[in-house]
Amino acid sequence: MQVIIFDDAQQVAVNAAEWVAELITKKKNPVLGLATGSTPISLYQQLVNKYKAGELSFKNTTSFNLDEYLGIDADNEQSYRHFMNQNLFNHVDINIDNTFLPTCNQGENPREQGLAYEEKIKQANGVDLQILGIGANGHIGFNEPTSSLASRTRIKTLTQQTLNDNSRLFNKDEFQPTLAMTMGIATILDARYVLLMATGESKAQAVKDMVAGPLSAMCPASALQMHENAIILLDKAAASKLEDQEYYHWANNQNIKVNEEFGLYHNY
Ligand code: GLP
């Protein structure tokens, strides 16, 4: 894992946007894995700004989102499809037909839909760069604690903690789904690079468990310890419970030096 600690959330977003921009400008048909939640919103703003400034085009990009709620339509304002349209897709030149979410409509078999999503990712030649946030309980996508570390796209039942954490986004009289379709942990680990963003004190314990805890289904994000190219972007608050912060800063400076000498090289 490469742990990089920034002074604030804005710097996390700026750095994450550089990763995305590098992939999109260098690769002919880039495949992005996208995430929802409050954390990546500032990343999407950076990307929209870069597009508007003429620095970036999403014309040839395909995207796969991590998850989608079950039981609400795509045009519902609470759907992750709506979130992605509002925060990114409507503001850049991506072909909307090349943007995918793991949906499962009423009457459709969720197991078949999950397998079909896996197949679609394969056909696109896999995800190059997967953006991730992290839940306060260590979930990635909607892989809640106890999720199999070998899981694939499927239905998950949300925990009470996640429902409580996300209830701030729903009005009192609004239906809050308790089920979602989500990429599995093995699906996420298949991405060539994973870029996890975590900001704020409420994520500090989950970050500690992910980086320094044991590999455990009780902290799904700890599975990233098994990934060859996992980059963890943190602000100071999210990093506050990590004991080896000085080491991470030092190691990062060494990486910067190697990049300066030999050039940036990402094997997409
Ligand atoms: C949701 C999403 C996750 C996200 C998490 C944290 O449950 N399914 O992908 O990482 O929330 O969200 P936030 O960034 O709002 O804290």
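Residues numbered from 1 in each chain as written. Predicted model: local features only at pLDDT ≥ 70, side-chain atom pairs only at ≥ 80, totals over all residues. Heavy atoms only, no water.

(A) Local environment of the packing of helix α1 (residues 9–26) against helix α2 (residues 41–52). The geometry of α1 relative to α2 is characterised by a closest axis approach of 8 Å and an angle of 55° between their N-to-C directions. On the basis of the axis angle, α1 is oblique to α2. Relative to α2, the crossing made by α1 is right-handed. Seen from α1, the contacting residues are Gln10, Ala13, Val14, Ala16, Ala17, Val20 and Ala21; seen from α2, they are Ser42, Leu43, Gln46, Leu47 and Lys50. Along the lines of polarity and charge, the residues of the contact of α1 with α2 split into eight nonpolar, three polar and one charged. (Axes fitted to C-alpha atoms, helices over the stretch in contact; angles between N-to-C directions. Helix = DSSP H or I, 4+ residues; strand = E, 2+ residues; numbered from the N terminus. Parallel < 35°, antiparallel > 145°, perpendicular 65-115°, else oblique. Left-handed = near helix turned anticlockwise from the far one by under 90°. Contact = heavy atoms within 4.5 Å. Nonpolar A, V, L, I, M, F, W, Y, C, P; charged D, E, K, R; others polar.)

(B) Spotlight on α2. End to end, α2 covers 16 Å across 12 residues, agreeing with the expected 16 Å (1.5 Å per residue, within 8%). For α2, every residue scored as buried is listed here: Leu43, Tyr44, Gln46, Leu47, Val48 and Lys50. Of the residues flanking the end of α2, it is Gly54, one or two places downstream, whose phi is positive at about 80°. (Expected span 1.5 Å × (residues − 1). Buried < 20%, exposed > 50% of the residue type's maximum accessible area, 1.4 Å probe, protein only.)

(C) Summary view of the pattern of salt bridges. The final tally for this structure, using the stated rule, is eight salt bridges. The shortest N-O distance in the salt bridge between Lys236 and Asp7 comes to 3.3 Å. Taken as a pair, Lys236 in helix α8 (residues 236–239) and Asp7 in the loop between β1 (2–6) and α1 lie far apart in primary sequence, 229 residues in all. As a salt-bridge pair, Arg152 and Asp190 come within 2.8 Å of each other at their nearest N and O atoms. (Salt bridge = Lys/Arg side-chain N within 4 Å of Asp/Glu carboxyl O.)

(D) The arrangement of the site of the ligand in detail. Near the ligand you find 14 residues, and of these Ser38, Thr39, Asp67, Phe142 and Lys203 are the closest. In this structure, Asn166 approaches the ligand through a side-chain N or O atom, which is 3.3 Å from an oxygen atom. Lys203 places a polar side-chain atom, nitrogen or oxygen, 2.6 Å from an oxygen atom of the ligand. For the ligand, whose accessible area on its own is 400 Å², the fraction buried by protein is 94%. Classifying every residue of the shell around the ligand by side-chain character gives three nonpolar, eight polar and three charged. (Near = heavy atom within 4 Å. Polar contact = N/O pair within 3.5 Å; in protein donor to acceptor, adjacent residues only side chain to side chain. Areas by Shrake-Rupley, 256 points an atom, 1.4 Å probe, with all protein chains shown as cover.)

(E) Fine view of the nonpolar core. In this structure, Met210, Leu224 and Leu234 are the most contacted members of the largest nonpolar core, which totals 63 residues. The biggest single contributor to this core is α1, with eight residues. Once you skip the residues sitting within four places of it in the chain, Met210 turns out to touch Met1, Ile134, Leu196, Cys219, Ala221, Ser222, Leu224, Gln225 and Ile232. The next biggest cluster of nonpolar side chains, apart from the first, holds nine residues, and it includes Tyr69, Leu101, Phe142 and Leu163. (Core = buried A, V, L, I, M, F, W, Y, C linked by side-chain atoms within 4.5 Å.)

(F) Highlighting the environment of Ser202. When you line up the elements, Ser202 lands in the loop between β9 (193–198) and α7 (204–212). Using a relative accessible area of 54% as the deciding quantity, one classes Ser202 as exposed. Here the alpha-carbon distance between Ser202 and Asp93, two residues 109 residues apart in the chain, equals 35 Å.

(G) Layout of the sheet that holds strand β4 (residues 67–69). Taken in spatial order, the three strands make up an open sheet running β4-β8-β7, and their pairing is antiparallel. A single partner strand is all that each edge strand has here, and the edge strands are β4 and β7 (154–157). Each neighbouring strand pair of the sheet contributes to a mean axis angle of 30°, computed without reference to strand direction. (Pairing = 2+ DSSP bridges.)

(H) A look at the packing of aromatic side chains. Taken as a whole and assessed by the stated rule, the structure comprises 10 aromatic pairs. A centroid spacing of 6.1 Å and a plane angle of 70° characterise the contact between Tyr69 and Phe170, whose relative ring orientation is edge-to-face. Taken together, the positions of Tyr69 in strand β4 and Phe170 in the loop between α5 (160–166) and β8 (179–182) put the pair 101 residues apart, joining distant regions of the chain. Each member of the pair, Tyr69 as well as Phe170, carries the same accessibility label: buried. Between the aromatic rings of Tyr80 and Phe142, the centroid separation amounts to 6.0 Å while the plane-to-plane angle is 15°, which identifies the pairing as stacked. Taken as a pair, Tyr80 in helix α3 (residues 80–87) and Phe142 in the loop between β6 (129–132) and β7 lie far apart in primary sequence, 62 residues in all. Tyr80 sits in the buried class, given a relative accessible area of 11%. For Phe142, a relative accessible area of 2% gives the class buried. Here the aromatic residues Tyr69, Tyr80, Phe142 and Phe170 are joined through ring pairs into a cluster of three or more. (Phe/Tyr/Trp six-rings, centres within 6.5 Å; stacked < 30°, edge-to-face > 60°.)

Purely geometric stuff here, so don't read any function into it on its own.
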